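Structural overview for review
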Amino acid sequence: MTTEKTKVYLVNHTHWDREWYFSSQDSVVLSDLLFTNAIKELEQHPEASFTLDGQLSILDDYLDIHPEMLTTVQKLVSSQQLQIGPWYTQPDALHLQGESLLRNGMLGKLSAAKYGQILQVGYLPDTFGFNSQLPVILNELGLHSFVFWRGIDPDKTKGFYFKWHGLGGKRIVTAVNMPQGYGTGMLLAPNHEYVDQRLDPAVDFITEHSFQTVKNVLIPTGNDQMEIIHDFTKKVAAINHIGKYEYQVSDYPKFIAKLDMANLTDFTGEFIEPLYARVHRTCGSSRMDIKLAATQLENKLIYQVEPLMVIGQHCGINLSSGVLVLAWRKLLESQAHDSMAGSVVDSVASDILQRLKSGNELADSLINTIERLITLNLGLTDQQVLLINPALSIIDEYQQVNITTANQDVTFKNVERAVLQQQTKIASRENILEQTAGGDRYITEPAYYLNTYQLKVSLPPLGYRVINFETTTKKDNRLQLVETSEISNKQLKITFSKGVVTAELFDGTVLNDFLMLQDQGNAGDTYDFSPLANDNLLSLHFQKAKVKTNHDWQMMQLQGSVRLPRNIKECQVQKNTIDINYRVDLILTDSSMLKVKIHFGNTIADHKMCLVINTGSSIPAIASVPFGFITRSNHEPDNWQNRCAERPVAIWPLDNNVTVINETYALSVFTTDIKEYEQKDNQLLLTLLATTNQLGKSDLLNRPGRASGDTTKIGHPFLPTPKAELYQDFDYQIIINIDKKFEELKVARKATQIRQAALAYQHQQLNLFINRLDNKLQNELAPSQLLPQCLSLYSLPESVDVSACYPDYFDDDAVLIRLVNPTKSPINFKLPTGATVVNAIDELQEFKDVINSYDIVTLKFNKIMFN
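Calculation rules
- Position numbers for residues start from 1 in each chain and track the written sequence from start to end.
- Reporting in this predicted model follows two pLDDT cut-offs: at least 70 for local features of residues, and 80 or more for side-chain atom pairs to be given and counted; totals over whole chains, interfaces and linings ignore these cut-offs and use all residues.
- Side-chain numbers here rest on the full set of heavy atoms in the structure, without hydrogens or water.
- Here a strand is any run of E in DSSP of at least two residues, a helix any run of H or I of at least four, and the numbering for each starts at the N terminus.
- With the radius of gyration taken over C-alpha atoms, the globule rule is written as 2.2 Å times the number of residues to the power 0.38.
- Think of it in three bands: with a 1.4 Å probe and only protein chains considered, a residue is buried below 20% of the maximum accessible area for its type, exposed above 50%, and partly exposed in between.
- Between two residues, a contact is recorded if the distance between any of their heavy atoms is within 4.5 Å.
- Under the convention used here, a 1.4 Å probe and the Shrake-Rupley method define accessible areas, while residue burial counts only the protein chains that appear.
- Residues counted as positive are Lys and Arg, residues counted as negative are Asp and Glu, and His and the chain ends are not counted.
- For this purpose, a charge sits on NZ of Lys, CZ of Arg, CG of Asp or CD of Glu.
- Pairing between strands is defined by DSSP: at least two bridges between them are needed.
- Comment: axis = line fitted to C-alpha atoms, over the contacting stretch for helices; angle = value between 0 and 180 degrees taken between N-to-C directions.
- Planes of paired rings set the category: under 30 degrees apart is stacked, over 60 is edge-to-face and the rest tilted, where pairs are Phe, Tyr or Trp rings (Trp by its six-membered ring) whose centres lie within 6.5 Å.
- Geometrically, a charge over a ring is one whose NZ (Lys) or CZ (Arg) sits within 6 Å of the ring centre while staying within 35 degrees of the ring normal.
- What qualifies as a polar contact is a pair of N or O atoms within 3.5 Å, subject to a donor-acceptor requirement within protein and to the restriction that residues adjacent in sequence count only when both atoms come from side chains.
- Salt bridges are counted wherever a side-chain nitrogen of Lys or Arg sits within 4 Å of a carboxyl oxygen of Asp or Glu.
- To estimate how far a helix should extend, the number of its residues minus one is multiplied by 1.5 Å.
- When two cysteine sulfur atoms are found within 2.5 Å, that pair is recorded as a disulfide.
- Working rule for handedness: look at the near helix, and if it is turned counterclockwise from the far one by less than a right angle, call the crossing left-handed; if clockwise, right-handed.
- Three residue categories are used. Nonpolar comprises Ala, Val, Leu, Ile, Met, Phe, Trp, Tyr, Cys and Pro, charged comprises Asp, Glu, Lys and Arg, and polar comprises the others, including Gly.
- By nonpolar core we mean a set of buried residues, namely Ala, Val, Leu, Ile, Met, Phe, Trp, Tyr and Cys, connected to one another through side-chain atoms within 4.5 Å.

**Quick word on the overall build of the protein chain**
In terms of regular secondary structure, the protein chain is built from 15 helices and 46 strands. Taken over C-alpha atoms, the radius of gyration comes to 29 Å for the protein chain, in line with the 29 Å a tight globule of 867 residues would show. By its C-alpha atoms, the protein chain is 100 × 65 × 60 Å across when sized along the principal axes. When each of the 867 residues of the protein chain is scored for burial, the buried share is 61%. Considering only contacts in the protein chain between residues 6 or more positions apart, those separated by 24 or more positions represent 76%. Split by element, the accessible area of the protein chain, about 33,500 Å² in all, is 48% carbon and sulfur. Taken together, the 79 basic and 99 acidic charged side chains of the protein chain have centroids lying 3 Å from each other.

**A word on the sheet that holds strand 33 (residues 651-653)**
With antiparallel pairing, the six strands of this open sheet are ordered in space as 25-24-30-37-36-33. The open sheet has two edge strands with one neighbour each: strand 25 (538-540) and strand 33. Looking at each pair of strands side by side, their axes are set apart by 30 degrees on average, direction ignored. Taken together, the three bridges between strand 24 (residues 515-521) and strand 25 define a ladder with antiparallel strand orientation.

**Let's talk about the packing of aromatic side chains**
Per the stated rule, a full pass over the model turns up 33 aromatic pairs. Both rings, one in phenylalanine 128 and one in tyrosine 527, keep their centres 6.4 Å apart while their planes meet at 55 degrees; by these two values the pair is tilted. Of this pair, phenylalanine 128 sits in the loop between strand 4 (122-124) and helix 5 (134-140) while tyrosine 527 sits in the loop between strand 24 and strand 25; the two residues are 399 residues apart in sequence, bridging distant segments of the chain. Each of the two residues, phenylalanine 128 as well as tyrosine 527, counts as buried. On the basis of an interplanar angle of 55 degrees and a centroid distance of 5.8 Å, the ring pair of phenylalanine 162 and phenylalanine 271 is categorised as tilted. With phenylalanine 162 in strand 6 (residues 161-165) and phenylalanine 271 in the loop between strand 10 (265-268) and helix 10 (288-314), the pair connects residues that are 109 residues apart, well separated along the chain. The exposure class assigned to phenylalanine 271 is buried, which follows from its relative accessible area of 1%. Here the aromatic residues Phe130, Phe146, Phe148, Phe162, Trp164, Phe267 and Phe271 are joined through ring pairs into a cluster of three or more. Of note, arginine 150 hangs over the ring of tryptophan 149, and the distance from its end group to the ring centre comes to 4.1 Å. For lysine 608, the ring lying beneath its charged end belongs to phenylalanine 529, and the centroid distance is 4.3 Å.

**A few points about the side chain of asparagine 216**
Tracing the backbone shows asparagine 216 in strand 8 (residues 216-220). When its relative accessible area of 15% is taken as the criterion, asparagine 216 is described as buried. Side-chain polar atoms of asparagine 216 contact the side chain of tyrosine 9, separated by 3.1 Å. At 3.3 Å, the side chain of asparagine 216 and the backbone oxygen of lysine 258 are in polar contact. Contacts of asparagine 216, omitting those with residues within four sequence positions, involve Thr6, Lys7, Tyr9, Tyr161, Phe255 and Lys258.

**What to know about the pairing of strand 28 (residues 578-588)**
Taken across its eleven residues, strand 28 has eight buried, putting it largely inside the fold. Strand direction decides the pairing type here: strand 27 (residues 553-564) and strand 28, joined by eleven bridges, are antiparallel. Of the residues in strand 28, the one forming a bridge with arginine 563 is aspartate 579. Judged from the seven bridges that link them, strand 28 and strand 29 (residues 593-601) form a sheet pairing that is antiparallel.

**A word on the sheet that holds strand 23 (residues 510-511)**
Within the open sheet, the four strands sit side by side as 20-21-22-23. Their pairing is antiparallel. Whereas interior strands pair on both sides, the edge strands pair on one side only; in this sheet they are strand 20 (486-488) and strand 23. With two bridges connecting them, strand 22 (residues 500-505) and strand 23 associate as antiparallel partners. Within strand 23, the position partnered with glutamate 504 by the bridge is valine 510.

**Digging into the pattern of salt bridges**
Counted by the stated rule, this structure contains 45 salt bridges. The closest approach of N and O atoms between arginine 818 and glutamate 99, which form a salt bridge, is 2.8 Å. Remark: glutamate 99 occurs in helix 4 (residues 98-112) and arginine 818 occurs in strand 42 (residues 814-821); sequence separation between them is 719 residues. A relative accessible area of 0% places arginine 818 in the buried class.

**With respect to unusual backbone geometry**
Cis geometry is found at the peptide bond from glycine 85 to proline 86, where omega equals 15 degrees. Within the secondary structure layout, proline 86 lies in the loop between strand 3 (82-83) and helix 4. Unlike most non-glycine residues, leucine 462 shows phi in positive territory, near 40 degrees. Tracing the backbone shows leucine 462 in the loop between strand 17 (448-456) and strand 18 (463-471). One non-glycine residue, aspartate 842, lies in positive phi territory at about 70 degrees. Here aspartate 842 is to be found in the loop between strand 44 (836-838) and strand 45 (850-851).

**Here we look at helix 11 (residues 321-334)**
Three- or four-residue spacings in an α-helix give side chains the same orientation, since the helix completes a turn every 3.6 residues. The end-to-end C-alpha separation of helix 11 is 20 Å, in line with the 20 Å expected for 14 residues at 1.5 Å each. Of the residues making up helix 11, those classed as buried are Leu324, Val325, Ala327, Trp328, Leu331, Leu332, Glu333 and Ser334. Residues of helix 11 that are buried make contact with helix 4, helix 10, helix 12 (337-341) and helix 13 (346-378). At the N-terminal boundary of helix 11, the capping side chain belongs to serine 320, with an oxygen 2.8 Å from the backbone nitrogen of glycine 322.

**Quick look at helix 13**
Between its first and last C-alpha atoms helix 13 spans 48 Å; for 33 residues at 1.5 Å apiece the expected length is 48 Å, and the two agree. Glycine 379 lies just past helix 13 and shows a positive phi near 70 degrees.

**Re the pairing of strand 30 (residues 607-614)**
Within strand 30, eight of the eight residues are buried, which leaves it mostly tucked inside the rest of the structure. Side chains His607, Met609, Leu611 and Ile613 project from strand 30 onto one buried face, and the interleaved Lys608, Cys610, Val612 and Asn614 project onto a second face that is buried too. Judged from the seven bridges that link them, strand 24 and strand 30 form a sheet pairing that is antiparallel. Within strand 30, the position partnered with leucine 515 by the bridge is isoleucine 613. With seven bridges connecting them, strand 30 and strand 37 (residues 683-690) associate as antiparallel partners. The residue of strand 37 that forms the bridge with valine 612 is leucine 685.

**What to know about the state of the cysteines**
This model, assessed by the stated rule, comprises zero disulfides. As a non-bridged cysteine, cysteine 790 has cysteine 315 as the owner of its nearest cysteine sulfur, 12 Å distant. Cysteine 805 takes part in no disulfide bond, and the closest cysteine sulfur to it belongs to cysteine 315, at a distance of 13 Å. A residue is classified by how much of its surface remains accessible, and cysteine 805, at 2% relative accessible area, is buried.

**Re the packing of helix 4 against helix 11**
Their axes nearest at 11 Å, the elements helix 4 and helix 11 cross at an angle of 115 degrees. You can see that helix 4 and helix 11 cross each other, and the crossing is left-handed. Where helix 4 approaches helix 11, its residues Ser100, Arg103, Asn104, Leu107 and Leu110 are matched on the opposing element by Val325, Trp328, Arg329, Leu331 and Leu332. Across the contact of helix 4 with helix 11, the residue classes break down as six nonpolar, two polar and two charged.

**A short note on the nonpolar core**
Tyr161, Trp164, Ile374 and Tyr464 are the most contacted members of the largest nonpolar core, which has 145 residues in total. For tyrosine 161, the contacting residues outside a window of four places in its chain are Ala175, Val176, Asn177, Ile206, Val214, Asn216, Val217, Leu218, Phe255, Leu259, Leu264 and Thr265. Residues Leu588, Ala621, Tyr665 and Ile738 belong to the second largest nonpolar core, which totals 58 residues.

And the structure:
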């Protein structure tokens with residue numbers, strides 16, 4: 001009896017990094033040739049297909065220089081010869097909010113509308129690992145299959161083709177792994193050298209390492225910026241006369257359709273194992289200037305701009321969603337896997353930072369416009385402040401409010417408490433032009449004050465209220481310097497003595513060396529941190545502290561200075577020649593949260609700096625992931641050199657919070673800045689930065705062998721990255737929360753609350769450049785409808801969390817709210833009046849009054865009904 005040959009499905013594709021050690025402009029020029037050639041080849045071979053790397057942005061770039069190709073592209077997309085999307089860019093999938101990944105798919109769908117159908121596969125061929133909730137995100141984008149390379153451990157998945165479940169178990173995608181990468185079958189050629197030495201052995205590897213008999217095998221045949229393989233069908237036919245398997249022309253959807261779904265195994269978890277490929281677990285601390293700028297813009301768009309546009313639209317301010325889309329594109333182009341990881345050359349890093357600057361300016365202008373036009377409509381004076389709450393729940397914590405005043409002291413009328421945190425006097429100026437109806441004249445402009453207040457105030461959900469203040473001679477809002485080295489409330493007491501910070505918790509637990517900084521040399525590159533052999537960890541304590549208070553608002557300012565090695569060479573010989581100064585502000589109020597602000601100017605090269613927190617527990621930490629939580633090991637496997645492409649360090653991506661528990665308390669750390677954490681015994685380490693001078697290095701302790709970044713390929717020189725040393729100032733903020741126990745919903749809602757701080761706006765004439773558009777947005781632009789002094793549009797039920805509220809990108813007459821169940825148990829939820837359930841791309845969904853565990857539900861409201 002003849003044994004049936006294994007069928008091998010060959011896919012013609014290219015992987016297209018928009019930027020890497022070349023710029024996005026270089027990619028456009030290259031696409032002029034390669035994409036044009038691909039289009040011509042597809043026109044000449046109607047049976048052929050070509051996958052354009054799963055991202056729409058590169059096709060948009062190409063059509064910008066070849067608009068005459070639009071009709072041809074539409075025809076090729078319609079015939080499924082040219083397969084595009086579903087993403088806008090090829091994103092990082094570990095260091096972004098889940099909402100950013102959803103926006104990536106949403107903008108991919110929007111961009112594809114002018115071309116036709118998208119590839120119905122969540123195709124991410126080169127991303128450095130994947131969060132455990134990607135099935136939730138893919139399903140929410142209408143996708144039910146996934147093709148990827150990095151991060152898999154087939155011992156856990158029981159094969160390379162399987163069903164991948166989200167943490168709640170209900171969201172599922174058919175997952176297809178390419179264990180040898182997207183370039184497995186590159187350089188396709190119908191000869192024995194290629195088939196015997198590359199193609200057949202690649203199939204052998206998959207069949208031999210699978211846990212079941214494999215009848216169908218996927219082999220991708222493209223590579224980085226590789227041109228379409230010409231005469232593909234003819235070459236595959238010739239290969240069938242040479243190889244030992246049955247080879248055929250295919251694409252990703254056709255291969256997935258051939259899988260025997262009934263026999264696929266099930267897997268739940270993340271893909272971050274460096275078994276067959278490097279995942280660069282420590283890239284979360286490389287080029288922190290990019291990560292900080294990208295995260296700032298990400299949080300601003302999701303948690304401020306989008307809900308503020310919903311409020312603005314309700315108030316008659318109809319700004320175009322096109323501006324919002326443009327801001328998102330700036331961010332998504334900067335969240336591509338190489339870009340967000342920081343594994344790029346210096347010139348590209350500058351391009352990324354400029355894009356993020358442009359995105360921030362767009363976001364700030366949207367905020368400025370809506371705030372000012374509401375204020376003009378309300379007719380507010382310069383002694384009133386508009387406070388806007390973009391959250392869908394009541395805010396009743398201290399909020400930062402910046403105001404400009406002619407007088408040194410003011411008092412607020414309708415707040416629980418006001419604390420003047422900082423004040424700067426702007427000196428008067430002579431001979432300043434004033435234009436009046438009677439003509440021009442020159443006056444003396446009086447001095448004024450820039451003030452930062454902390455206001456404890458209650459704000460209505462998804463709305464605003466007006467706060468009044470007036471001039472006073474009293475000084476009772478000011479912070480007072482006190483002769484103590486302690487701050488405390490009912491939950492926590494912090495003391496400073498002899499350079500050491502100690503915390504005493506509500507249950508009597510004492511945590512010595514509660515907070516400190518730590519530094520060590522970095523022999524790694526822009527892809528990974530790697531330690532020096534025999535290097536010493538340096539603990540950075542504090543030399544002095546001062547305490548300022550006002551009622552329940554207390555701040556301990558810690559300062560320190562230490563002399564460290566200038567660079568890796570000095571580190572190797574344990575020579576210290578450069579001083580680095582650092583400051584940590586600890587702010588405590590009457591809540592359970594300790595705010596920690598870290599500031600330092602980076603003056604040294606080739607090092608890694610961490611914030612170290614003594615949690616008092618070595619129980620494995622519980623970390624947030626998009627729309628859920630996961631517990632990770634704090635131990636590294638033995639004998640990793642025999643199995644792994646790099647050391648599987650127990651350093652993990654940090655979504656936005658991580659919690660360590662013991663029998664009597666839970667200590668949670670929240671951050672909007674820091675991207676990785678490590679747990680060592682009782683210590684939690686948050687990496688602040690890891691600086692380096694090179695794109696890729698070879699033979700590192702944590703990553704033996706070739707250099708990442710192609711720099712040890714023939715003709716590829718080592719590429720210096722002096723800007724990755726990051727000689728600049730850095731500011732970080734974390735929140736430490738102490739509670740009696742860990743509760744998923746409570747922690748998730750607190751994380752959302754921290755990211756959705758109130759927005760404050762004052763209509764004043766002392767400085768018209770505090771906000772760039774203030775002197776351009778005139779009264780005539782204000783909405784004509786009568787607005788109330790206090791507004792609230794929607795209040796979130798306490799049983800759920802929310803991840804987004806935004807104007808519908810696919811329907812100008814609707815608003816979407818995405819609810820989250822971040823817990824391990826299903827939640828009963830009755831739809832609000834007028835709401836329907838859709839997915840992220842506006843497709844109607846069935847809903848049975850239950851939000852499944854670790855899952856999301858998107859509510860759609862008509863704008864008219866949303867009030």
